[in-house]
Amino acid sequence: MKLFRIFAIAAIAMLSAVGAQAGVVIYSNMGADGLTDTSFTDAADVTSGSLVASGFTTGSTEKSLGLVSLVGQALTPGSKTVSIFSDNGGSPGSLYVVSNSTSVAGKGVYTFGFASPIVLAANTKYWILPQTGLTWFLNDDGDVPSAQNASGYTFFAAKNSTNGGSTWSATDGTFTLSLAVPEPALSSLLCFGGIALIRRRMKK
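Note that the structure is a prediction, hence the values are computed from the model and not measured.

## What about the overall build of the protein chain?
Part 1 of the argument: Within the protein chain one finds 2 helices and 15 strands.
Part 2 of the argument: Long-range pairs, those at least 24 residues apart, make up 82% of the contacts in the protein chain between residues at least 6 apart in sequence.
Part 3 of the argument: About 9,900 Å² of surface is accessible on the protein chain, with carbon and sulfur atoms providing 56% of the total.

## Let's talk about the side chain of Thr58
Part 1 of the argument: Inspection of the secondary structure assignment puts Thr58 in the loop between β3 (51-57) and β4 (63-74).
Part 2 of the argument: Only 2.9 Å separates the side chain of Thr58 from the backbone nitrogen of Asn123, close enough to count as a polar contact.
Part 3 of the argument: Reaching out from Thr58, the side chain makes a polar contact with the backbone nitrogen of Thr124 at a distance of 2.8 Å.
Part 4 of the argument: Setting aside anything within four residues of it in sequence, one finds Thr58 in contact with Leu120, Ala121, Ala122, Asn123, Thr124, Tyr126, Gly152 and Tyr153.

## Some thoughts on unusual backbone geometry
Part 1 of the argument: Even without a glycine there, the phi angle at Asn123 is positive, about 50°.
Part 2 of the argument: Structurally, Asn123 is set in the loop between β9 (108-120) and β10 (125-130).
Part 3 of the argument: Residue Asn123 is classed as exposed on the basis of its relative accessible area of 58%.
Part 4 of the argument: You will see that Asn149, though not glycine, has its phi angle at about 55°, which is positive.

## Focus: the environment of Tyr27
Part 1 of the argument: Note on placement: Tyr27 falls in strand β1 (residues 24-28).
Part 2 of the argument: Residue classification places Tyr27 among the buried residues on the basis of a relative accessible area of 1%.
Part 3 of the argument: Once the C-alpha coordinates of Tyr27 and Val181 are considered, the two residues, 154 residues apart in sequence, prove to be 9.9 Å apart.
Part 4 of the argument: The residues contacting Tyr27, other than those within four sequence positions of it, are Gly55, Phe56, Pro145, Ser146, Ala147, Gln148, Tyr153, Thr154, Phe155, Leu177, Ser178 and Leu179.

## Structural notes on a negative patch on the surface
Part 1 of the argument: On the surface, Asp37, Asp140, Asp141 and Asp143 cluster together into a patch of negative charge.
Part 2 of the argument: With a relative accessible area of 39%, Asp37 lands in the partly exposed category.

## Looking at the packing of aromatic side chains
Part 1 of the argument: For the structure shown, the criterion picks out 7 aromatic pairs.
Part 2 of the argument: Aromatic pair Tyr27 and Phe56: ring centres 5.4 Å apart, planes at 40°, arrangement tilted. Placement of the pair is Tyr27 in strand β1 and Phe56 in strand β3, with a sequence separation of 29 residues. The burial state of Tyr27 is the same as that of Phe56; both residues are buried.

The rules behind these values
- Residues numbered from 1 in each chain as written.
- Predicted model: local features only at pLDDT ≥ 70, side-chain atom pairs only at ≥ 80, totals over all residues.
- Heavy atoms only, no water.
- Helix = DSSP H or I, 4+ residues; strand = E, 2+ residues; numbered from the N terminus.
- Contact = heavy atoms within 4.5 Å.
- Areas by Shrake-Rupley, 256 points an atom, 1.4 Å probe, with all protein chains shown as cover.
- Polar contact = N/O pair within 3.5 Å; in protein donor to acceptor, adjacent residues only side chain to side chain.
- Buried < 20%, exposed > 50% of the residue type's maximum accessible area, 1.4 Å probe, protein only.
- Patch = residues over 30% accessible without salt bridge, like charges linked within 9 Å, V, L, I, M, F, W, Y side chains within 5 Å.
- Salt bridge = Lys/Arg side-chain N within 4 Å of Asp/Glu carboxyl O.
- Lys, Arg positive; Asp, Glu negative; His and termini not counted.
- Charge placed at Lys NZ, Arg CZ, Asp CG, Glu CD.
- Phe/Tyr/Trp six-rings, centres within 6.5 Å; stacked < 30°, edge-to-face > 60°.

Pasting the structure below:
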């Protein structure tokens, strides 16, 4: 019983720290760790009059997205989110999920997690759209994000909207960003912890 209790405590501790780690990077132009600032001075402001979205296509297997990291800063410092949209004919379509809030201030690498890992279907297009009031920086060499760890993810477009998302047009440049899935070890530990808690309750 003691062993299960230890796993349960460790799982809870790891879960509270998940937002601070990169996990396994599956798509990035921020290096293999997905947290390296490879941006330069060119940036795109995300305002109500100038929405900016970055589109990507998933690989041949579905994955549970855990984290989105971008290089940016806040036009107005405060808690911000990043949204993922489905694709509608090559432009952002319906809202799929909104991240947890992250406090954004000066330029830096900001990571956004989710209440629980989000399943991204295989061979499917999605769009990343930061909340208004943010500035996101473009990659230093103009490199678009690409597959990491044989994920098969590919970049397919960057688009801008000046009317709140009613219509979209192609735009230059891509975000300095990365996507990551939870560490396999973390997932196993959380599973172990969940089993421990269930067994403990059943014994009561």
